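Coordinates in review
The chain contents come next:
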Amino acid sequence: MVFRKLPGVSASGMGLRLSQKFVFLLFLSGLVTLCFGALFFLPDSVRLKRIFLSKTETQPVTVGSGSGSENDAREHLKRPKDQEHPRGMTSAKGETSTKLKSLSRKPSVPREAAEERLAGGKAQEDLTLSRAKAESASERATASDRGANTDTFSYAKFKRCLLKPPLGRDYGKPSDPSTNERREKVKEMMKFAWDNYKLYAWGKNELRPLTRNGHLGNMFGGLKGASIIDSLDTLYIMGLTDEYNDAKEWVQTSLDLNSNGEASLFEVNIRYVGGLLSAYYLTGEEVFKSKVLELGEKLLPAFNTPTGIPRGVINLGSGTSWSWGWASAGSSILAEFGTLHLEFVHLSELSANPIYTEKVMNIRKLLNKIEKPHGLYPNFLSPVSGNWVQHHVSIGGLGDSFYEYLIKSFLMSDKTDDDAKKMYYSALEAIEANLVQKSPGGLTYMAEWRGGILDHKMGHLACFSGGMIGIGADDGVPEKRQHYLDLAAEITHTCHESYTRSATKLGPEAFRFDGGGEATATRLSDRYYILRPEVIESYMYMWRLTHDPKYREWGWEAVEALEQHCRVEAGFSGIRDVYTTTASHDNMQQSFFLSETLKYLYLLFSDDDLLPLEDWVFNTEAHPLPIVRKSCLQDEATQDKTVAE
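**Quick word on the overall build of the protein**
- Broken down by element type, the protein carries 20 helices and 21 strands.
- Here the protein, with 645 residues, has 60% of them falling under the buried criterion.
- Looking at the protein alone, contacts between residues at least 24 apart form 70% of all its contacts between residues at least 6 apart.

The following block contains the structure:
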């Protein structure tokens, strides 16, 4: 009966002798055992294991859509949105998301068990992963042990090694009354955005200003208060003392890091780690230091892969990590694993624990070892094999902040990190040779590269590159320094054109240079604006580098446009179409609007001694981190020792 349906058993099987039945049943039991064993021993069976594990680990990862990715994962940026979108994407219905100077997310697709096998060498991979898991617990213990001696970092010594006071002579107040009036307007915008967040969304991650409620999202693994952490340094440098104190009290009493959810390693690092580090360095408040060291330790298991390249998603409670479901063949994203260096170096500084620096230096070693097509860095890399998965290159979503962190790592090292310097200028040379284009109308832009074929599109996220090239101009070879500064100005001009060519004077998510148009969005899905900072970021840097008044004028144009089209009764909201003055708001006040957009505007209208670039480097969420002057800190330590003796 049942046996007749089994392959290899004839109709006469009903008359099997006892020995034949025994052999057949032995074979069948072995097959069943093998199948069930595979669920636990295949290296990528995390989602299957969840069937047998606790409920807290069974929720799928949901991601939004982004700006710069590939096929189903259209474009990855730097933020989550309304429902489940990362930094700044929109859904098929046109709902905008949050910014991610790197990715876009699609409706959640769990990792497929086959993803690891694409890299080949499964037996070796199993062994490596087993070792990684075995080392995970001891590594966490080691991190705690090494980090226990935090007295080696002296805040007083750090302050003595700054060249200038962080807040300048008078909080950077400009002497020109008109400029100061504009600065005060930006400060009022920040207070308005903050007050409404506090009133309607306190403790949640972001404010929904139209419905007057809070939004948590699923990008932070259960962590809350993203807008609070992102706003700490902005409130402090603007002199909004009461608001800053409220934020600090919330961190002291309500920031719970013992979450057990699935978080974006990238987003938690740039917002929470970056925000807490910045708040500590600006104020010296120990609560920020203790919180950031506790959080930093929770991120370490993401690096437990065969190559040491971290995966994009981590459960902050269990330490389990995996790749985004939409990422090609289970790959890690260049702009995610390449945007850890600044924060992790400072985690090592504060904790006296070299493990954080070792993790990010291992990433750099691998990148230096593998071949780069035409000197370019593709956006997708296998954390298993250490090989590129696709040859898609973008200075916008998926790639952007990797390049930013190369030049900033060099600057933050007090210009001693020669490896970062070499990598940055080599990459810039390849970008110029392969991606930089001039439109028929004379606009310079950064195209995307897909296996040798150019896509003549530039994302809003790529507009940070004007500022990046500008701050790196002075340290290039002498004969190219002016060239780099000119290139920075040309790209910033192009991004400004994307604003001026819209009805709202705000720029679209992406704009193109084909089909007869220039610096305009030709697709409906690219027309939205979600309070992004990248264009204003470049205005700020170019003002500091050149003091050309046009950059302040362009910044003021953006202020007026934000006030007219994005300000609503209970905060600020993104809009769905920059080409129509009849606003359709997306009901999301992004946390990066408080951290980046308003901060860069405030700095644009401030004197240069407010967070001077001689002392500070901004992470990709605009959190200022101090330059590490090793020689100064060592001299201070030697002097202290001499005095003690």
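So much for the structure itself; the text now carries on.
**Examining helix 12 (residues 355-369)**
- Here helix 12 is 15 residues long and its end C-alpha atoms lie 21 Å apart, about the 21 Å a rise of 1.5 Å per residue gives.
- Those residues of helix 12 that sit buried are I355, Y356, K359, V360, I363, R364, L366 and L367.

**Digging into a nonpolar patch on the surface**
- Together, L25, F27, L28 and L31 make up a nonpolar patch on the protein surface, roughly 380 Å² of accessible area in all.
- By secondary structure assignment, the location of L25 is in helix 1 (residues 18-41).

**Structural notes on the state of the cysteines**
- Per the counting criterion, the structure on display carries 2 disulfides.
- Each sulfur of the disulfide joining C161 and C632 lies 2.0 Å from the other. Of note, the bridge from C161 to C632 carries an S-S torsion of about -95° and is left-handed in sense. Residue C161 is located in the loop between helix 4 (155-160) and helix 5 (177-201), and its partner C632 is located in helix 20 (residues 630-644); the two are separated by 471 residues in the primary sequence.
- According to the relative accessible area criterion, C161 is buried, its value standing at 8%.

**Things to note about helix 15 (residues 465-472)**
- Of all 8 residues making up helix 15, 8 are buried, and the element is well covered by its neighbours.
- Where helix 15 is buried, its residues meet helix 13 (400-412), helix 14 (418-434), strand 13 (444-446), strand 16 (457-459), helix 16 (481-500) and helix 17 (534-546).

**Overview of the packing of aromatic side chains**
- For the structure on display, the rule yields 31 aromatic pairs.
- Between W194 and Y197, the aromatic rings sit 5.8 Å apart at their centres with planes inclined by 45°, giving tilted as the arrangement. Of the two residues, W194 and Y197 both sit in helix 5, 3 residues apart, roughly one turn of that helix.
- What makes W194 buried here is its relative accessible area of 1%.
- Above the face of the W202 ring, K198 is positioned so that its terminal group lies 5.9 Å from the ring centre.
- The side chain of R567 reaches across the aromatic face of F192, ending 3.8 Å from its centre.

**Side note on the sheet that holds strand 14 (residues 448-450)**
- With antiparallel pairing, 3 strands are arranged side by side in an open sheet as 11-14-15. Sheet topology places strand 11 (392-393) and strand 15 (453-455) at the edges, where each strand pairs with a single neighbour.
- Of the strand pairs in this sheet, strand 14 and strand 15 are connected by 3 bridges, and their pairing is antiparallel. Residue pairing in the sheet places E448 in a bridge with D455 of strand 15.

**Some thoughts on the nonpolar core**
- L367, Y403, M458 and I469 are the most contacted members of the largest nonpolar core, which totals 163 residues.
- The element contributing the most residues to this core is helix 8 (residues 265-283), with 12 residues.
- Setting aside residues up to four positions removed in sequence, M458 forms contacts with Y445, M446, C463, S465, I491, C495, A510, F511 and F513.

**Some words on the packing of helix 5 against helix 6 (residues 226-237)**
- Contact pair helix 5 / helix 6: the axes reach a minimum separation of 12 Å and the direction vectors enclose 150°. With respect to helix 6, the axis of helix 5 lies roughly antiparallel. Between helix 5 and helix 6 the crossing geometry is left-handed. Only S227, I228, S231, T234 and L235 of helix 6 make contact with helix 5, whose side of the interface consists of M190, W194 and Y197.
- Residue composition of the contact of helix 5 with helix 6, grouped by class: 5 nonpolar, 3 polar and no charged.

**A closer look at the confidence of the model for the protein**
- Summary statistics for the protein give a mean pLDDT of 84 and a share of 76% for residues scoring 70 or more.
- Per-element confidence in the protein ranges from a low mean pLDDT of 34 for helix 2 (residues 46-49) to a high of 99 for helix 19 (residues 591-604).
- Low pLDDT, under 50, characterises residues 1-14; the predicted model gives this stretch 5 contacts beyond four residues in sequence or across chains.
- Under a pLDDT of 50 for its full length, residues 38-150 has, in the predicted model, 388 contacts with residues more than four places off or in other chains.

**Describing the pattern of salt bridges**
- In the structure shown here, the tally under the stated rule is 34 salt bridges.
- For the salt bridge of K480 with E432, the shortest nitrogen-to-oxygen distance reads 3.8 Å. On the criterion of sequence distance, the pair formed by K480 in the loop between helix 15 and helix 16 and E432 in helix 14 is long-range, its members being 48 residues apart.
- Relative accessible area serves as the criterion here: at 27%, K480 is assigned to the partly exposed category.
- Taken together, the shared-partner salt bridges in this structure form one network comprising E448, R450, D455, R512 and D514.

**A closer look at the environment of A329**
- Mapped onto the fold, A329 is located in the loop between strand 7 (321-322) and strand 8 (332-333).
- You can call A329 partly exposed: its relative accessible area is 30%.
- Between the C-alpha atom of A329 and that of V389, which follows or precedes it by 60 residues, the distance is 7.1 Å.

**Quick notes on the environment of S321**
- Residue position: S321 is located in strand 7.
- C-alpha separation for the pair S321 and P301, spaced 20 residues apart in sequence, amounts to 7.4 Å.

Cut-offs applied
- In every chain, residue numbers begin from 1 and rise along the written sequence.
- Per-residue local features of the predicted model are confined to residues with pLDDT of at least 70, and side-chain atom pairs are confined, for both listing and counting, to 80 or more; whole-chain, interface and lining totals are unaffected and use all residues.
- As a rule here, side-chain values cover all heavy atoms of the structure and leave hydrogens and water aside.
- Secondary structure is summarised from DSSP: a helix means a run of H or I of at least four residues, a strand means a run of E of at least two, and numbering begins at the N terminus for each.
- Buried means the residue's accessible area, taken with a 1.4 Å probe over protein chains only, is under 20% of the maximum for its type, while exposed means over 50%, and partly exposed covers the values in between.
- Between two residues, a contact is recorded if the distance between any of their heavy atoms is within 4.5 Å.
- One fewer than the residue count of a helix, multiplied by 1.5 Å, yields its expected span.
- In this scheme, patches are assembled from residues that exceed 30% relative accessible area and form no salt bridge. Like charges are connected within 9 Å, while nonpolar side chains (Val, Leu, Ile, Met, Phe, Trp, Tyr) are connected within 5 Å.
- Only the protein chains shown count as cover for residues, with accessible areas throughout obtained via the Shrake-Rupley method and a probe of 1.4 Å.
- The rule for a salt bridge is simple: a side-chain nitrogen of Lys or Arg has to be within 4 Å of a carboxyl oxygen of Asp or Glu.
- Note on terminology: pairs of cysteine sulfur atoms within 2.5 Å are recorded as disulfides.
- Note on ring pairs: Phe, Tyr and Trp rings are taken, using the six-membered ring of Trp, and paired if centres are within 6.5 Å. Classes follow the plane angle, with under 30 degrees stacked, over 60 edge-to-face and the rest tilted.
- Whether a charge lies above a ring is judged from NZ of Lys or CZ of Arg, which has to be within 6 Å of the ring centre and within 35 degrees of the ring normal.
- When DSSP finds two or more bridges between a pair of strands, those strands are recorded as paired.
- By nonpolar core we mean a set of buried residues, namely Ala, Val, Leu, Ile, Met, Phe, Trp, Tyr and Cys, connected to one another through side-chain atoms within 4.5 Å.
- Angular values range over 0 to 180 degrees, each being the angle between N-to-C directions of two axes fitted as lines to C-alpha atoms, with helices fitted over their stretch in contact.
- Just so you know how the angles are binned, under 35 degrees is roughly parallel, over 145 roughly antiparallel, 65 to 115 roughly perpendicular, and the rest oblique.
- In a left-handed crossing the near helix is turned counterclockwise from the far helix by less than a right angle, and in a right-handed crossing that turn is clockwise.
- Throughout, the ten residues Ala, Val, Leu, Ile, Met, Phe, Trp, Tyr, Cys and Pro are labelled nonpolar, Asp, Glu, Lys and Arg are labelled charged, and all others, Gly among them, are labelled polar.
- Each residue gets a pLDDT score, which is the predictor's confidence in that residue and runs from 0 to 100.

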